[in-house]
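# Reading the structure
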Amino acid sequence: NAAEISTPDINTNTTREQVRRELYRANPYLRHDLTEKMQTEIGYQYFGLRYGSGADQARLEDSDTNAIYGGLRYRASEVNAFSFRLRASTFEPDEGLDTDNYEATVGWDRQVSERFNVGFVVGGSRVESDQQNNNGWLFNANASYIKESSRFYGYVGRSLLPGAYGDIVEADTAQLN
């Protein structure tokens, strides 16, 4: 009685072709001081993604995202500022579902000392497509410390992006510079 061991077929010695990705971004905006303590901002964002040869095999597709946003920032004191922002965008992949994304966020920034700042933002997002609607939460926290000749910056957060199938893609980011 010999035991038989089988292994699944594994593709060995294969190489996947690298796919070239071109990323195009534009973010023109306008800021205006309404009063000494209140500032408004409006803007437009474009994000274009193009893939080169081999993209079909890797199941990658080109896409465009267009967004408009606006917000208010209120400086409550020398060290505290509060913000409110609305953003609407449309995500258009070549083959997938077009989706619309709506975001609303509130934020707080504090200058702890002359050299140390912290900030927090929380909000919600809604993604709508012909097939489904999704809701989600987003947040970020950041801190920066400035020395004579350098700046240290830390960030952690969750961004919500519309996916090609009408869903929300949660992108968690941690960064230390």
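Above this text is the structure in question.
All of the points below concern the structure found in this document.

Further remarks concern the packing of aromatic side chains. Scanning the entire structure with this criterion turns up one aromatic pair. Here Trp108 and Phe120 contribute two aromatic rings whose centre-to-centre distance is 5.8 Å and whose plane-to-plane angle is 10°, an arrangement assigned as stacked. Of the two residues, Trp108 is situated in strand E6 (residues 99-111) and Phe120 in strand E7 (residues 116-128); the sequence distance between them amounts to twelve residues. Residue class for Trp108 comes out partly exposed when judged on its relative accessible area of 29%. Its end group placed over the ring of Tyr69, Arg85 keeps NZ or CZ at 4.1 Å from the ring centre.

Bringing the environment of Asp64 into the picture now. Position of Asp64 among the secondary structure elements: in strand E4 (residues 63-75). In this structure the C-alpha to C-alpha distance between Asp64 and Arg50, which are 14 residues apart in sequence, comes to 8.8 Å. When neighbours within four sequence positions are excluded, Asp64 is seen to be in contact with Tyr46, Phe47, Gly48, Arg50, Thr90, Phe91 and Glu92.

Turning to the pattern of salt bridges, a few remarks are in order. In a structure, side chains of opposite charge can pair up when their charged atoms sit close to one another. For the structure shown, the criterion picks out eight salt bridges. Across the pair Asp109 and Arg73 runs a salt bridge whose closest N-O atoms are separated by 2.7 Å. Of this pair, Asp109 sits in strand E6 while Arg73 sits in strand E4, and the two are 36 residues apart along the sequence. Classification of Arg73 as partly exposed rests on a relative accessible area of 28%. Salt-bridge contacts for Arg158 lead to Glu170; the nearest nitrogen and oxygen are separated by 3.7 Å. Residue Arg158 is found in strand E9 (residues 151-162), and its partner Glu170 is found in strand E10 (residues 168-176); the two are separated by twelve residues along the sequence. Among the ionic contacts, a cluster of salt bridges with common partners joins Arg158, Glu170 and Asp172.

A few words on the pairing of E4. Consecutive residues of a regular strand have side chains that alternate between opposite faces of the sheet. Relative to E4, strand E3 (residues 38-51) runs antiparallel, the two sharing twelve bridges. Looking across to E4, one finds that Leu49 is bridged to Ser63. Counted between consecutive antiparallel strands, the loop separating E4 from strand E5 (residues 80-93) contains four residues.

Take a nonpolar patch on the surface next. Residues Phe84, Leu86, Val106, Val122, Phe139 and Val156 make up a contiguous nonpolar surface patch of about 500 Å² in total accessible area. Summarising the element assignment, Val106 is placed in strand E6. Residue classification places Val106 among the partly exposed positions, given a relative accessible area of 43%.

Once that is clear, we can look at the side chain of Ser89. Inspection of the secondary structure assignment puts Ser89 in strand E5. Once you skip the residues sitting within four places of it in the chain, Ser89 turns out to touch Thr65, Asn66, Ala67, Thr99, Asp100 and Asn101.

A few words on a negative patch on the surface. Among the surface-exposed residues, Glu92, Asp98, Asp100 and Asp130 lie close enough to one another that they form a single negatively charged patch. Mapped onto the elements of the fold, Asp100 is located in strand E6.

Moving on to the pairing of E6. Two strands pair when backbone bridges link them, and E5 and E6 are joined in this way by twelve bridges, in the antiparallel orientation. From the neighbouring strand, Phe82 faces E6, where its bridge partner is Trp108. Hairpin connection between E5 and E6: a loop of five residues separates the two successive antiparallel strands. Two elements, E6 and E7, share twelve bridges in a ladder whose sense is antiparallel. The partner of Gln111 across the bridge, within E7, is Asn117.

Bringing the environment of Gln131 into the picture now. For Gln131, the position within the fold is in the loop between E7 and strand E8 (133-146). We classify Gln131 as exposed; its relative accessible area is 63%. Each C-alpha atom, one on Gln131 and one on Leu97, is 8.3 Å from the other, the two residues being 34 residues apart in sequence.

Conventions adopted
- Residues numbered from 1 in each chain as written.
- Predicted model: local features only at pLDDT ≥ 70, side-chain atom pairs only at ≥ 80, totals over all residues.
- Heavy atoms only, no water.
- Phe/Tyr/Trp six-rings, centres within 6.5 Å; stacked < 30°, edge-to-face > 60°.
- Helix = DSSP H or I, 4+ residues; strand = E, 2+ residues; numbered from the N terminus.
- Buried < 20%, exposed > 50% of the residue type's maximum accessible area, 1.4 Å probe, protein only.
- Lys NZ or Arg CZ within 6 Å of the ring centre and 35° of its normal.
- Contact = heavy atoms within 4.5 Å.
- Salt bridge = Lys/Arg side-chain N within 4 Å of Asp/Glu carboxyl O.
- Pairing = 2+ DSSP bridges.
- Patch = residues over 30% accessible without salt bridge, like charges linked within 9 Å, V, L, I, M, F, W, Y side chains within 5 Å.
- Areas by Shrake-Rupley, 256 points an atom, 1.4 Å probe, with all protein chains shown as cover.
- Lys, Arg positive; Asp, Glu negative; His and termini not counted.
- Charge placed at Lys NZ, Arg CZ, Asp CG, Glu CD.

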